[in-house]
Amino acid sequence: MTSKAKPKETGGNIAVKAGRSLGSLMKLVGRLLVAAPAQFWFVVAIAVIAAVAYFFFRNATGKLVGFSAVPIGMWLVATLFLVAFNRTQLSKRWRWIVSSLSLSLAISGGLGIFYAPLASFTGETFGGDVGTAISRAPLEWDRFDVGISEYAIAWVRVVALAVIAFAVASPERVQRTGAGVASATILVFAALASGAQSLWGGIGEWRDERAKAKARYAADNAEYEADQATQVAEAQVAVEASGKSADAVTAAQDDSAATAVVDQPIVSNDSEEALAPIGVAYPTDSEVEEAEEADAPLPDYSAAHKYLWHLPNYEMLAIAKPGGITDDEVASTSRRVEESLSQFGIDVSVDQVRQGPTVTMYGLSPGWKGRSEENTGQRVRVDTILNREKDIALALASPNLRFEAPVPGESVVGIEVPNSHPTEVTLRSVMDTPEWNAFKATAALPVPLGLGTGGDPVMADLARMPHTLVAGSTGSGKSVCINAIITGLIMTKTPLELRLIMIDPKRVELTPYQGIPHLYHPVIVEADRAVIVLKSLVDEMMGRFRMLEQAGVKNIASYNETVSEKMPYLVILVDELADLMLTSAGEVERLLVRLAQLGRATGVHLVVATQRPSVDVVTGLIKANFPSRISFAVMSQIDSRTILDSVGAEKLLGRGDMLYMPIDKPKPSRVQGAFLNDHEIEGVVSAWQNIVAPRLPELVVSFDDAGAENGTTSSAVDGDSLFDQAVSLTQSQKTLSVSLLQRRLRIGYPRAARLMDELEDEGVVGAGEPGKPRPVL
């Protein structure tokens with residue numbers, strides 16, 4: 001008996017069976033969907049509507065309802081379910097509907113009492129606008145000054161809604177225990193009253209101290225206003241007695257009005273705590289001299305000693321969006337680098353990878369050439385790897401490669417390859433790290449710069465730098481870096497610990513900071529006025545040296561440790577050096593070098609930025625006195641050598657990509673600078689402008705030696721220091737020429753010619769023939 005062979009299944013038969021199985025599955029799903037009750041589709045529709053509201057109207061919905069969406073949403077879904085599928089039960093379940101609504105509103109009101117974090121999606125409170133309206137409307141609360149009465153009223157509303165829910169849900173029990181409910185209500189009010197009384201008694205001392213502090217502020221402000229009125233009256237009498245012209249009187253009044261606008265006394269909106277002097281507010285030497293000449297009392301800055309400054313919250317800064325490259329991309333790039341070099345007989349291996357926000361550093365370990373068991377061979381030369389830069393760039397399809405040979409502290413050759421998907425770096429990316437919290441506690445002037453090639457935060461202390469030169473082409477991130485430096489300083493230091501001088505010839509970069517209490521002088525936008533302010537800063541620096549001399553200390557840190565009234569640090573920021581050098585190159589260079597040479601001991605630090613790092617702007621003297629450098633993307637290797645004394649900046653990517661070389665590192669390191677948008681700057685500045693604080697000392701600027709307003713120059717005053725230098729120069733010379741004065745005093749020909757005429761008038765030099773040196777008498 002022979003058995004029939006089983007027919008072999010072909011691909012067509014298998015496809016037919018699979019199609020039949022799929023068809024059966026679809027029929028089963030269709031039957032289940034048809035048999036599903038209407039309640040199922042109602043729940044699905046509600047879920048779809050909630051998802052659409054969440055994804056498309058998340059910000060508006062979150063601010064409107066907040067976490068109140070949970071109780072109110074549950075009540076709404078249940079009520080709509082009854083309306084849609086069980087209308088006959090509405091008349092029987094109305095008590096349940098009303099009581100559950102009242103209970104949901106009570107829960108929402110309770111959530112509306114508690115404040116949410118500043119960046120929360122729920123808005124001001126956890127209950128959103130709905131919870132706020134239930135617990136507070138029509139009253140408005142101050143976030144930092146809420147009284148016990150407001151809290152008591154809000155909780156009474158919540159308790160009342162809960163009692164209403166209980167009464168509607170179970171009226172029989174309320175009737176049976178009416179007296180109990182009344183007693184419970186009385187007990188609730190009594191508990192609230194006793195709690196309020198105990199709280200009032202517990203904070204009575206705090207309220208008394210707060211009232212005394214406000215009284216002191218009011219007395220100081222009244223005394224200041226009276227002193228101002230007295231000084232203005234005495235100045236007018238002195239002007240009239242001296243017989244000055246009406247124009248001089250008008251100019252004096254304008255100056256006093258401008259000073260009054262800056263020096264308006266103000267009162268803090270924040271809650272006061274134990275007051276203690278945390279900074280210095282002392283009259284300057286010029287104010288002392290003016291007060292002695294006018295026989296007037298010295299300016300009083302005692303209110304600034306006692307005022308408690310509150311720093312802005314980090315919550316107002318933007319959070320960086322996630323990004324970066326995957327591990328597969330890192331492995332693919334490593335493999336292509338090794339294969340590209342192996343084609344030329346260069347044995348290397350990628351032993352180290354540091355993934356940064358903008359670039360990833362691949363550490364190449366050189367292999368051996370001709371190595372065997374009998375022969376040790378020769379190690380691959382580093383220059384051999386560097387000579388294949390273009391071949392590696394071709395293999396990676398990336399023209400902007402930067403080599404670091406070797407990596408400091410490592411025995412590898414670093415290749416920095418740009419990421420295909422860069423990660424956003426914000427100021428908060430640095431300030432939210434534990435490294436920043438530990439750094440700002442010890443640094444005198446902490447500054448967040450950005451993230452390094454390994455993703456680690458990069459910070460700097462301006463007090464140790466001590467002066468910084470920033471350069472980069474237009475649009476490379478130079479001004480954003482200046483804004484990050486300023487924002488980092490004013491978010492960590494109070495105006496009594498730090499004062500700022502901002503020079504902005506471009507008029508748009510630093511002017512948004514106008515009005516913050518840290519400013520030692522309003523933002524300077526005129527190049528001529530900037531020269532005058534720099535001269536006044538030199539006088540300020542010399543006055544600080546006299547204070548250090550009297551205290552017997554060497555620097556500001558030692559001075560602040562020995563005295564109770566601390567000396568604030570002074571940071572000078574120049575956003576565009578090239579514009580100042582075009583106006584008065586010799587004078588600006590001399591003043592900047594003077595401040596840089598002597599400023600570190602007195603707490604004066606400079607941050608100078610320019611978009612043209614050429615030798616006529618960044619001169620040798622400026623480079624010698626600005627040891628710390630930050631270079632953004634530049635156009636050529638010449639510019640890179642000018643700012644960093646090495647190449648590499650011409651290969652940067654722009655948009656905040658920079659090379660940072662502090663004073664204590666021999667080579668620059670690559671950093672992705674922190675980005676700061678206009679909204680964040682406006683938030684930080686508004687936080688300081690809204691703080692109404694006592695009067696602070698300002699930089700005293702004298703316009704007698706420049707004539708910046710009318711363009712004239714007084715030779716008698718402007719030439720005092722230069723004239724003395726020229727006289728001392730004649731003591732070592734037998735003849736004197738205009739060109740010699742130009743070279744030795746670093747001035748222009750017109751000024752040197754005027755000095756020669758003054759020397760002749762004083763009888764120091766004799767008359768000479770044109771084009772020949774003059775004899776020294």
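For clarity, every value in this text was computed on a predicted model and none was experimentally measured. (Residues numbered from 1 in each chain as written. Predicted model: local features only at pLDDT ≥ 70, side-chain atom pairs only at ≥ 80, totals over all residues. Heavy atoms only, no water.)

Enquirer: Just checking my understanding: could you explain the sheet that holds strand β8 (residues 457-461) for this structure?
Expert: Strand pairs in the sheet, formed through backbone hydrogen bonds, run parallel or antiparallel to each other. Strands sit in the order β8-β7-β15-β14-β13-β9-β12-β11-β10 across an open sheet of 9 strands; the sheet is mixed. The open sheet has two edge strands, β8 and β10 (498-503), and neither has a second partner. Recorded for the sheet is a direction-independent mean angle of 30° between the axes of neighbouring strands. Note: strand β11 (residues 569-574) against strand β12 (residues 604-610), 5 bridges, orientation parallel. Residue pairing in the sheet places Ile572 in a bridge with Leu606 of β12. Strands β7 (446-452), β9 (468-471), β10, β11, β12 and β13 (628-631) of the sheet are contacted by helix α19 (residues 478-490), whose axis makes an angle of about 130° with β7. (Pairing = 2+ DSSP bridges. Helix = DSSP H or I, 4+ residues; strand = E, 2+ residues; numbered from the N terminus. Axes fitted to C-alpha atoms, helices over the stretch in contact; angles between N-to-C directions. Contact = heavy atoms within 4.5 Å.)

Enquirer: Before we go on, may I ask you to explain helix α20 (residues 527-551) in this structure?
Expert: For an α-helix, 3.6 residues make a turn, and residues three or four places apart therefore share a direction. Between its first and last C-alpha, α20 extends 36 Å over 25 residues, near the 36 Å set by a 1.5 Å rise per residue. Remark: Gly552 follows α20 within two positions and exhibits a positive phi of approximately 75°. (Expected span 1.5 Å × (residues − 1).)

Enquirer: Just checking my understanding: could you explain the sheet that holds strand β2 (residues 359-366) for this structure?
Expert: Read from one edge to the other, the open sheet built from 4 strands follows the order β1-β2-β6-β5, with strand pairing classed as antiparallel. Looking at which strands have only one partner, the edges of the open sheet turn out to be β1 (348-355) and β5 (402-404). In this sheet, adjacent strand axes meet at a mean angle of 25° when their direction is disregarded. For β1 and β2, the ladder comprises 7 bridges, and the chain directions are antiparallel. Bridging across to β2, Gln355 finds its partner in Thr360. Of the strands in this sheet, β1, β2 and β6 (413-418) are in contact with helix α14 (residues 327-342), which crosses β1 at around 150°.

Enquirer: What is the right way to look at the pairing of β10 in this model?
Expert: Regular strands have side chains that alternate between both faces of the sheet. Taken across its 6 residues, β10 has 6 buried, putting it largely inside the fold. With burial as the criterion, each face of β10 is covered, one bearing Leu498, Leu500 and Met502 and the other bearing Arg499, Ile501 and Ile503. In the sheet, β10 pairs with β11 via 6 bridges, with the strands oriented parallel. Bridge pairing links Met502 to Leu573 in β11. (Buried < 20%, exposed > 50% of the residue type's maximum accessible area, 1.4 Å probe, protein only.)

Enquirer: Can you walk me through the pattern of salt bridges in this structure?
Expert: Two side chains that carry opposite charge are able to pair once their charged atoms sit near each other. In total, this model carries 18 salt bridges according to the counting rule given. Where Arg670 meets Glu416, a salt bridge forms, and the shortest distance between an N and an O atom there is 2.8 Å. In this pair, Arg670 is assigned in strand β15 (residues 669-673) and Glu416 in strand β6, connecting sequence segments 254 residues apart. Taking relative accessible area as the criterion, Glu416 reaches 2% and is therefore assigned buried. Among the ionic contacts, a cluster of salt bridges with common partners joins Arg402, Glu416, Asp657 and Arg670. (Salt bridge = Lys/Arg side-chain N within 4 Å of Asp/Glu carboxyl O.)

Enquirer: Got a minute to help me understand helix α16 (residues 389-396) in this structure?
Expert: All buried positions along α16 are accounted for by Ile392, Ala393 and Leu396. With its buried residues spanning 100° around the axis, α16 presents them on a single face. Looking at α16, the residues exposed on the side facing more than 90 degrees away from the buried face are Lys390 and Leu394. (Arc of directions from axis to C-beta.)

Enquirer: Help me out: how do you make sense of the packing of helix α28 (residues 738-745) against helix α29 (residues 749-761) in this one?
Expert: At a minimum axis separation of 9 Å, α28 and α29 run at an interaxial angle of 115°. The way α28 lies across α29 gives a crossing that is right-handed. Along the contact surface, α28 presents Val738, Leu741, Gln742 and Leu745, while α29 presents Tyr749, Ala752, Ala753, Leu755 and Met756. Split by residue class, the contact of α28 with α29 holds 8 nonpolar, 1 polar and no charged. (Left-handed = near helix turned anticlockwise from the far one by under 90°. Nonpolar A, V, L, I, M, F, W, Y, C, P; charged D, E, K, R; others polar.)

Read these as geometric descriptors, not functional statements.
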